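# Working through the structure, step by step
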Amino acid sequence: MIDQTSPFGTLREQLLDAAEQFAGGPVAVSGILSGLVDDVDRALREELEIFPVCHHSPASALAMVRRLREKQPKVIYLELCEDLQPLLTELRNCRLPVAVQAFATDLEGFPKELAPLSVVAPITEASAEYQAIAYALDTPGVELVLVDRSTDHVYQWTREKEPKPKQGEETGLHGDAVGVEIGDLRPRFAELEEHLLHHGKVRHWSEWWDQYVEQPLAGADYDTYRQVMVMIGSLFRRLRPDHDDRLALDEERERYMWTRMREHLAASGADPADCLYVCGAFHAATRVEQFGVRSTAPYAISPRTGTTWLYGLIPSSHSAIEAQFGLAPGSVSIAAATWDKALTRGGLTPFRLAGQKGARKRVAKLAAPAPQGELTDRLSGFLSRPPALDALDEAELLGWCVDIVRLARRNGYLASTADAIAVYETSILLAGMRNRARPTPYDFQDAAVTCIEKDSVPGRRDVRRLCEILLGGDRLGEVGYDAMPPLARDVYDRLAPLGLDLEKRTIQRALIDLHAEPELVPCSDLLWKLRYLLPSDAVRPIMGERRLGERSIQESWDVALGKYQRAIIELGYEGVTVEQVLEQRLRRAVWDPKATAAVALAAVEDAILFLGSRRFADELGARAVELLASERGVDDAPEVLRRIRRLLAYYRAGEPELPAWCEAFVTAGYAHYCTLLPTAVVDDDTGVRQVAAMLGFLFTMESLALALGCDRAQLELAVRQSHPESPAKVALMWAARHQLGLLPLAELRARCDELLGNPLVIPAFPQYVIGFVHAVEPAPGLSGFVVEVISKAFARLPDSVLLPWLPKLIVTLRDGAGELMPALVREAGRTFPGSLTAVDAWVPPWASRPKPAGSVTGGAPVAAGPVAELLVGHPVACDAVAGLLGCTGEWLALTGETGSQEVTTLLTTHPEPASALAALLA
């Protein structure tokens, strides 16, 4: 039954007749076609005028400018998160594009693992929403009301359906935020989109939309634009797949928005005829029962969670918008270029916020509002006639062709005038093949790639990227100083003495002479803190470093804060000053459920370096003691050993006494590692490096631990109870027994010689070697012995064994003991001759070593030399030490005979230090 009062009755009848003739009888398509007309009729008959839009659509923005000047509404309802409204006034302090952001780190009502939560709504000048915002904020007596669900509801409704992107999926300047935009118009039926792209002879959806929607609607009147957009929204809505879960979410949003608009109308008493509802075309074709200002269908809005949301503006860019919302690269830039051209061609003056950065100043007074015309059918004419094709603009196309050749030559391509002619002709040819009278920017891009980019890209930009730059480029937004949070403004103020323009997105070099210009010391301190908090390329030290107990005299920095403005702004959501944020992050790191003692020690070191607070460092250190005592594994033992050594050295050098937490950490670590040692050496999941770090902690901290009340017997028992099975750990425990005095060096040497003489053990000998290499950590005095063991292996093993074994040895040493190899290399440098000519006559020290004879000096005659003469001439010190240790023996006379070969050679070659020492003692 056709509604005779509807202006679309005739169109509905024509579509039903066409469907029946096409299919030979009533089919489902007739219901879809008639439903499209019903949706358009329902939306346009609504008392509150609905303005359907598509995000970042120049046609929508142009229609918005025309409609605002004609209607001049008193209230504008905008589909945008309602809690973002206070931020919109700050847009005048920014350079578009920017994104309005809501950010939350302290969650209540959401899973903690989702933190931080971030919602962004990018805004560009060539968008209908910005035109509406600019009109409402700069026109007296106009009220702007955001009616979409809050950012808290965004996560309430989508957290189970739209998981947070992973790190690898982050999209440019927006990070891993959830994007919110007005009018996401794209088929949700994959087969439909594929069909449209195939028959439209285009590569992607952005190109199809530009050709079949943007261009025909750019110059259309308002009624035609409005009816066509609602029809498209209805089409995509009705052709959705049955399993589309997003429809339920969209309907919830529509109920929410209509409920909010009715509440505002009731509270303000505004006349719906003076209002304008701006929403996506998909939502304009809704069929929810809450639709319309006269609807009485109830809807209860759920309360927000207790999460505290922080709000601000962050810079955006065309490429970031394209990446986040799945648009084709360059499509937003092309839309911006189309918008500028349409404004010039149509003589329109867009709305811009007063004081807007980067905007051309155009002032046009509003004329008297035009009366609302009677609703008529414009769809029939639009659908029945072919689109008006623009004539070829030869001047524009020629300019593109000449400019792309110039850009290509600058970027290393061998392009010439002939290529410009080829691009021109190919553009026209491609447009004709695609049924276009005028080449579009997409046709021009394809032609340029075909004619210029032959087989390789000589630079870092390909021809397609050069075309995007030519047609407008990737515009980058900027948040003004006044729109930044207090922390960001504080950073800019404190770095002002450097004399840099921090708003530039280029890298700037800062040279700081801390000795000549002490007033720049606060700038240096702040740069180091920003280095810790911001991405690595935001502030990067070129010269200078900051370590415990060391400060640079001169520093050089690469500063790119303008490029990483978003990161600085998001720091402002965490605190008022950089120091506060740093303290919060360190405290949060050490109190995290997954925190370890190594993490806490790193936080202590960072607190000393960047905050200089002894109280805070002691608090973090006490937490490190708690974490160490509660650990049941030793995976972080190497990190713990390295950091506690560094901290002890720092406190000993600059403090009269160690902090109480350091003493507690040493005693707790001594007992902790003694307890875990017997289990760790037999655990296959515990590596030799971890066991070596445990022994390193026990032996290097032994004197301090014993002074603090620990019992050495605990360490001896732990070593005696350790019975490893893997070769590397066996060698490591041999070294530990030697360090305790339980295994003499002669016996240790004999065991190694026995291993080298056993053919069955030779394949596993590299593992023994790696164990001895790691033994340098707890027993540095064995470095010479380790060099001896490796040298004996190279000297004694035959080539048939040595050559297959050598690659395995090298790989094992590189992977398992890379940080210990420098000490062994230095020891080898002291052991082996320094010149090639001395190699033939060189005798290894271990080959000339005499057999032990049972005397105090090993049975060997004492060689004459400065050291021997010094000891014999002043025996009191040696006798006192021997008495303390309970050693007895007699002094031997100097004979000058061959004794310790290595000592004699060293003292004969370099007598100056010993002579100087003798002179001092004399």
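Residues numbered from 1 in each chain as written. Predicted model: local features only at pLDDT ≥ 70, side-chain atom pairs only at ≥ 80, totals over all residues. Heavy atoms only, no water.

### A word on the overall build of the protein chain
Within the protein chain, the regular secondary structure consists of 38 helices and 15 strands. The buried share of the protein chain, taken over its 922 residues, is 49%. Put simply, 76% of the contacts in the protein chain that link residues at least 6 apart link residues at least 24 apart. Carbon and sulfur atoms make up 55% of the accessible area of the protein chain, which totals about 43500 Å². (Helix = DSSP H or I, 4+ residues; strand = E, 2+ residues; numbered from the N terminus. Buried < 20%, exposed > 50% of the residue type's maximum accessible area, 1.4 Å probe, protein only. Contact = heavy atoms within 4.5 Å. Areas by Shrake-Rupley, 256 points an atom, 1.4 Å probe, with all protein chains shown as cover.)

### A few points about the side chain of Gln 508
As for its position among the elements, Gln 508 is in strand E11 (residues 508-513). For Gln 508, a relative accessible area of 14% corresponds to the buried category. One polar contact links the side chain of Gln 508 to the main-chain carbonyl oxygen of Asp 501, over a distance of 2.5 Å. (Polar contact = N/O pair within 3.5 Å; in protein donor to acceptor, adjacent residues only side chain to side chain.)

### Concerning helix H12 (residues 331-346)
Each full turn of the α-helix corresponds to 3.6 residues, which orients residues three or four apart in the same direction. When the terminal C-alpha atoms of H12 are compared, their 22 Å separation across 16 residues agrees well with the 22 Å that a helix rising 1.5 Å per residue should span. Every buried residue of H12 is listed here: Ser 331, Val 332, Ser 333, Ile 334, Ala 335, Ala 336, Trp 339, Ala 342 and Leu 343. Against the buried residues of H12 lie helix H3 (58-71), helix H4 (128-138), helix H7 (205-218), helix H11 (318-324) and helix H16 (441-452). Immediately downstream of H12, the backbone of Gly 347 shows phi near 65 degrees, a positive value. (Expected span 1.5 Å × (residues − 1).)

### A short note on the sheet that holds E11
Here three strands make up an open sheet; going across it, the order is E11-E15-E12 and the pairing antiparallel. Of all strands in the sheet, those bounded by a partner on one side alone are E11 and strand E12 (539-543). Each neighbouring strand pair of the sheet contributes to a mean axis angle of 25 degrees, computed without reference to strand direction. Sheet topology note: the E11/strand E15 (residues 554-559) ladder contains six bridges and is antiparallel. Counterpart to Gln 508 in the pairing with E15 is Val 559. (Pairing = 2+ DSSP bridges. Axes fitted to C-alpha atoms, helices over the stretch in contact; angles between N-to-C directions.)

### Quick notes on the pairing of strand E2 (residues 75-81)
On a regular strand, one side chain projects to one face of the sheet and the next to the other, so that they alternate. Counting buried positions along E2 yields seven of seven residues, so the element is predominantly enclosed. Where E2 lies against strand E6 (residues 143-148), five bridges are found, and the strand directions are parallel. By the bridge assignment, Cys 81 is partnered in E6 with Asp 148. Summarising the sheet, E2 and strand E8 (residues 275-280) pair through four bridges and their orientation is parallel. Bridging from a neighbouring strand, Ile 76 pairs with Leu 276 of E8.

### What about the packing of helix H14 (residues 394-410) against helix H17 (residues 463-470)?
In contact at an axis separation of 10 Å, H14 and H17 are set at 125 degrees when each is read in the N-to-C sense. Taken as axis vectors, H14 and H17 run oblique relative to one another. Handedness of the H14/H17 crossing: right-handed. Contacts between H14 and H17 involve Trp 400, Asp 403, Ile 404, Leu 407 and Ala 408 from the first element and Val 463, Leu 466, Cys 467 and Leu 470 from the second. Here the contact of H14 with H17 is built from residues that sort into eight nonpolar, no polar and one charged. (Parallel < 35°, antiparallel > 145°, perpendicular 65-115°, else oblique. Left-handed = near helix turned anticlockwise from the far one by under 90°. Nonpolar A, V, L, I, M, F, W, Y, C, P; charged D, E, K, R; others polar.)

### A word on unusual backbone geometry
For the bond from Leu 96 to Pro 97, the omega torsion is 5 degrees, close enough to zero to count as cis. On the secondary structure map, Pro 97 appears in the loop between strand E3 (94-95) and strand E4 (98-104). For Gln 72, which is not glycine, the phi torsion reads 50 degrees and is therefore positive. Here Gln 72 is to be found in the loop between H3 and E2.

### Brief notes about the environment of Gln 211
Relative to the helices and strands, Gln 211 resides in helix H7. Since its relative accessible area comes to 13%, Gln 211 is described here as buried. Sequence spacing of Gln 211 and Tyr 442 is 231 residues, and the spatial spacing of their C-alpha atoms is 9.7 Å.

### Looking at the sheet that holds strand E1 (residues 49-53)
Pairing in this open sheet of four strands is parallel, and the strands run E1-E8-E2-E6 from one edge to the other. Sheet topology places E1 and E6 at the edges, where each strand pairs with a single neighbour. The sheet shows a mean angle of 30 degrees between the axes of neighbouring strands, direction not considered. In this sheet, E8 lies alongside E1 in parallel orientation, the contact comprising five bridges. Counted as the bridge partner of Phe 51 is Val 278 from E8. Contacts from H3 reach E1, E2 and E8, with the element oriented near 160 degrees to E1.

### Structural notes on a negative patch on the surface
Residues Asp 635, Asp 684, Asp 685 and Glu 725 make up a contiguous surface patch of negative charge. In this structure, Asp 635 sits in the loop between helix H23 (614-630) and helix H24 (637-654). Look at Asp 635 and you get exposed, because its relative accessible area is 56%. (Patch = residues over 30% accessible without salt bridge, like charges linked within 9 Å, V, L, I, M, F, W, Y side chains within 5 Å. Salt bridge = Lys/Arg side-chain N within 4 Å of Asp/Glu carboxyl O. Lys, Arg positive; Asp, Glu negative; His and termini not counted. Charge placed at Lys NZ, Arg CZ, Asp CG, Glu CD.)

### Describing the pattern of salt bridges
Enumeration according to the criterion identifies 54 salt bridges in this entry. In this structure, the salt-bridge partner of Arg 646 is Glu 605, at a minimum N-O distance of 3.1 Å. With Arg 646 in helix H24 and Glu 605 in helix H22 (residues 597-611), this residue pair connects regions lying 41 residues apart in the sequence. On the basis of relative accessible area, Arg 646 is assigned to the partly exposed category, the value being 32%. Between Arg 614 and Asp 618 there is a salt bridge, with the nearest N and O atoms lying 3.2 Å from each other. In this pair, Arg 614 and Asp 618 are both assigned in helix H23, four residues apart and thus about one turn of the helix distant. Taking the relative accessible area as the measure of exposure, Arg 614 reaches 35% and is therefore partly exposed. Salt bridges linked by common partners bring Glu 207, Arg 434, Asp 443, Asp 446 and Arg 464 together as one network.

### Considerations on the confidence of the model for the protein chain
Per-residue pLDDT for the protein chain averages 81, and the proportion of residues at 70 or more is 82%. The low-confidence segment residues 160-171, where pLDDT is below 50, has eleven contacts with residues more than four positions distant or belonging to other chains. A low-confidence stretch, residues 851-864 (pLDDT under 50), is modelled with 28 contacts involving residues beyond four sequence positions or located in other chains. (pLDDT = per-residue confidence, 0-100.)

### Regarding a nonpolar patch on the surface
On the surface, Leu 871, Val 872 and Trp 891 cluster together into a nonpolar patch covering about 260 Å² of accessible area. Along the chain, Trp 891 falls in the loop between helix H36 (876-885) and helix H37 (901-909). Take Trp 891: its relative accessible area is 43%, and that puts it in the partly exposed class.

### Let's talk about the environment of Asp 490
Relative to the helices and strands, Asp 490 resides in helix H18 (residues 486-494). For Asp 490, a relative accessible area of 23% gives the class partly exposed.

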